[in-house]
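Summary of the model geometry
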Amino acid sequence: MKIVVIGGTGLIGSKLVQNLRERGHDVLAAAPSTGVNSITREGLAQAMDGADIVVDVANAPSWEDQAVLDFFETSSRNLLAAEAAAGVRHHVALSIVGSERLPENGYFRAKVAQENLIKASGIPYTILRATQFFEFVGGIAQAATVGEEVCVSPALIQPMASDDVVAALAEVTLAAPVNGTVEVAGPEAMPLDELVRRFLRATQDTRKVVPDVHARYFGSVLDDQSLTPGKNPRLGAIRFEGWLGQSTAR
């Protein structure tokens, strides 16, 4: 099959392209750097020509509230119109577990808007909602740092490795469209403050982690349901300690 991966040169996209090519599929890594731009529509019609499946893992260049909303709405509208014209049979999009539960977060609001456009498009689709990636824990800690303290919520989080995200994406991409949402999460839930503490310890970072139930996570106050999946999610296999061991050894 011909599969177009939008955002095919990023963290998830590049791994997904490799995974699908190893399975014998004709995969186009679509990104502005490869001549395909979902905002300007440059190269979009050509990329869609003969495509069976489109996987959208593109990320916004800016996290500012209006900019990120404009990016996901414009990109999704352009993609879906090009897919409809080309007769694409399955649209797959990567989204985030808990997006609708944290409306104060502009990025999450933009992902909900993206999901709604996909659902209304008439194109058969699968939305894969993943929990936060292990690769983002350092950024979470940095965003919550004041001086030598990292103030984060003790609410539960169930993070996962990007490799497990890619494995789940490949699986839903090659399956029939579900016309609905699938959730995938890491193998264990833990308090966010404990996750950050483990990361800092493994990277020999001396900052002190301070748990605070009122601490905001990119604008939102968390509870134990905010960033954890619902019933019966798909679970990744890679545990945080195993990922830490590999990433700190590099």
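Residues numbered from 1 in each chain as written. Predicted model: local features only at pLDDT ≥ 70, side-chain atom pairs only at ≥ 80, totals over all residues. Heavy atoms only, no water.

By the naming in an unreviewed UniProt entry, the protein chain is SDR family oxidoreductase, taken from Pseudomonas wuhanensis.

Across its full length, the protein chain carries eight helices and 14 strands. Expressed along its principal axes, the backbone C-alpha trace of the protein chain runs to roughly 55 × 35 × 35 Å. Each of the 250 residues in the protein chain was classed as buried or not, and the buried ones make up 51%. Contacts spanning at least 24 positions in sequence make up 82% of the contacts within the protein chain whose residues lie at least 6 apart. (Helix = DSSP H or I, 4+ residues; strand = E, 2+ residues; numbered from the N terminus. Buried < 20%, exposed > 50% of the residue type's maximum accessible area, 1.4 Å probe, protein only. Contact = heavy atoms within 4.5 Å.)

Moving on: helix H6 (residues 162-174). Side chains of residues three or four places apart in an α-helix project in the same direction, reflecting 3.6 residues per turn. If you check H6, its first and last C-alpha atoms are 18 Å apart, about what 13 residues at 1.5 Å a residue would give, namely 18 Å. Listed in full, the buried residues belonging to H6 are Ser 162, Asp 164, Val 165, Val 166, Ala 168, Leu 169, Ala 170, Val 172 and Thr 173. (Expected span 1.5 Å × (residues − 1).)

Mapped onto the present numbering, the UniProt feature "domain: NAD(P)-binding" (unreviewed entry) falls on residues 7-133. Counting secondary structure, residues 7-133 comes out at 43% helix and 17% strand; the distance between its end C-alpha atoms is 17 Å. (UniProt positions renumbered as here; feature names shortened; annotations may be inferred.)

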